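Residue-level structural notes
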Amino acid sequence: MEHIAIKDKKVKIDIIKLLNIISLKKGFEIDLNGNLIIQNEEKKQTPIIFKSNENDNFRLLVDSKSLVSNIFKDYKPEINGTICVLNLVSAWQQIIDFNKSQMLYFDHQTDGVEIFEDETLEEYGWHCIPCDITYRQLSEFIESSCEGCLVFYDNEIQFNGFVIVKDIEDVRNKVYTFIINNLKDKLDNNKLDLDDDEVLESLQFFNIKV
């Protein structure tokens, strides 16, 4: 999985392409690679750094430099000829909001990972709790073993970020296998309380016989 530190990330935008897409008077998005995408068109699972909609009155500004500066005012844009460079860290909260619909989970600065947005993975996570397999362990496994990206902010005092995965079925399968292996290891080493009904229920959920 790719790890992207938002405070170090800058994105280049082709101003000519931007003006062309604005002329269509349709909502558009910009992804982490600087691609401009008309909203509702099919796109890959790539983090979005900017969104507009057809109601934005960008066309009212005639001068292209003023237009770009206005559109990206929250990104501290650096304009050089036909290229605009966006600094993402100043728009971090907006970027989080833009990606809520496609993130698998958000790693909160105080609460950590509390929920998986995918129903299947959330069910796995919930049934892991009685067996002392945490959401943190599952998220760290996903970040080390699955395809996608972790976009994060880290200033050595606080950390937060979100994960977007490429293939949710692949993630489900890998996480399930990871859990099964952990549960079997715990059983072999007598680390599970088999008198606990919740533990037995979890083992049953994962089809492990005791």
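Residues numbered from 1 in each chain as written. Predicted model: local features only at pLDDT ≥ 70, side-chain atom pairs only at ≥ 80, totals over all residues. Heavy atoms only, no water.

Notes on the overall build of the protein chain
Looking only at helices and strands, the protein chain features seven helices and 11 strands. For 210 residues, the compact-globule formula gives about 17 Å, and the C-alpha radius of gyration of the protein chain, at 22 Å, lies well above that figure. Taken along the three principal axes of its C-alpha coordinates, the protein chain extends 75 × 35 × 25 Å. Contacts in the protein chain between residues at least 24 apart in sequence constitute 56% of all its contacts with a sequence separation of at least 6. Total accessible area on the protein chain stands at roughly 12,100 Å², and carbon and sulfur atoms take up 44% of it. Of the side chains in the protein chain, 23 bear a positive and 38 a negative charge, and the two mean positions are spaced by 11 Å. (Helix = DSSP H or I, 4+ residues; strand = E, 2+ residues; numbered from the N terminus. Rg over C-alpha atoms; globule rule 2.2 N^0.38 Å. Contact = heavy atoms within 4.5 Å. Areas by Shrake-Rupley, 256 points an atom, 1.4 Å probe, with all protein chains shown as cover. Lys, Arg positive; Asp, Glu negative; His and termini not counted. Charge placed at Lys NZ, Arg CZ, Asp CG, Glu CD.)

Looking at the pairing of strand E11 (residues 159–165)
Among the seven residues that make up E11, six are buried, leaving the element largely enclosed by the rest of the structure. Alignment of strand E10 (residues 148–154) against E11, held across seven bridges, turns out to be antiparallel. When the bridges of E11 are listed, Val151 appears paired with Phe162. (Buried < 20%, exposed > 50% of the residue type's maximum accessible area, 1.4 Å probe, protein only. Pairing = 2+ DSSP bridges.)

Considering unusual backbone geometry
The backbone of Lys25 shows a phi angle near 55 degrees, a positive value even though the residue is not glycine. Mapped onto the elements of the fold, Lys25 is located in the loop between helix H1 (15–23) and strand E3 (28–31). Classification of Lys25 as exposed rests on a relative accessible area of 55%. Notably, Glu156 is not glycine yet its phi reads approximately 75 degrees, a positive angle. Relative to the assigned elements, Glu156 resides in the loop between E10 and E11. Under the relative-accessibility criterion, Glu156 is labelled exposed at 77%.

What to know about the packing of aromatic side chains
Note on aromatic pairs: each is described by the distance of the centres and the angle between the planes. This structure, assessed with the given rule, holds 14 aromatic pairs. Relative to Phe205, the ring of Tyr124 lies with its centre 6.3 Å away and its plane at 70 degrees, an arrangement referred to as edge-to-face. With Tyr124 in helix H4 (residues 119–128) and Phe205 in helix H7 (residues 197–205), this residue pair connects regions lying 81 residues apart in the sequence. With a relative accessible area of 13%, Tyr124 lands in the buried category. Between Tyr176 and Phe206 the ring centres are 5.8 Å apart and the planes differ by 50 degrees, which places this aromatic pair in the tilted class. With Tyr176 in helix H6 (residues 168–188) and Phe206 in the segment after H7, the pair connects residues that are 30 residues apart, well separated along the chain. Among the residues examined, Tyr176 registers a relative accessible area of 25% and is labelled partly exposed. (Phe/Tyr/Trp six-rings, centres within 6.5 Å; stacked < 30°, edge-to-face > 60°.)

Remarks on the environment of Ile79
Counting through the fold element by element, Ile79 comes out in strand E6 (residues 78–80). By relative accessible area, Ile79 is classed as partly exposed at 29%. Considered as a pair, Ile79 and Lys12 are 67 residues apart in the sequence and their alpha carbons are 9.7 Å apart. Residues contacting Ile79, with those up to four places away along its chain left out, are Ile15, Lys65, Val68, Ser69 and Cys84.

Digging into the confidence of the model for the protein chain
Residues of the protein chain with pLDDT of at least 70 account for 94%, and the chain-wide mean is 92. In the model of the protein chain, helix H2 (residues 64–71) stands out as the element of lowest mean pLDDT, 88, in contrast to H4, which has the highest, 98. (pLDDT = per-residue confidence, 0-100.)

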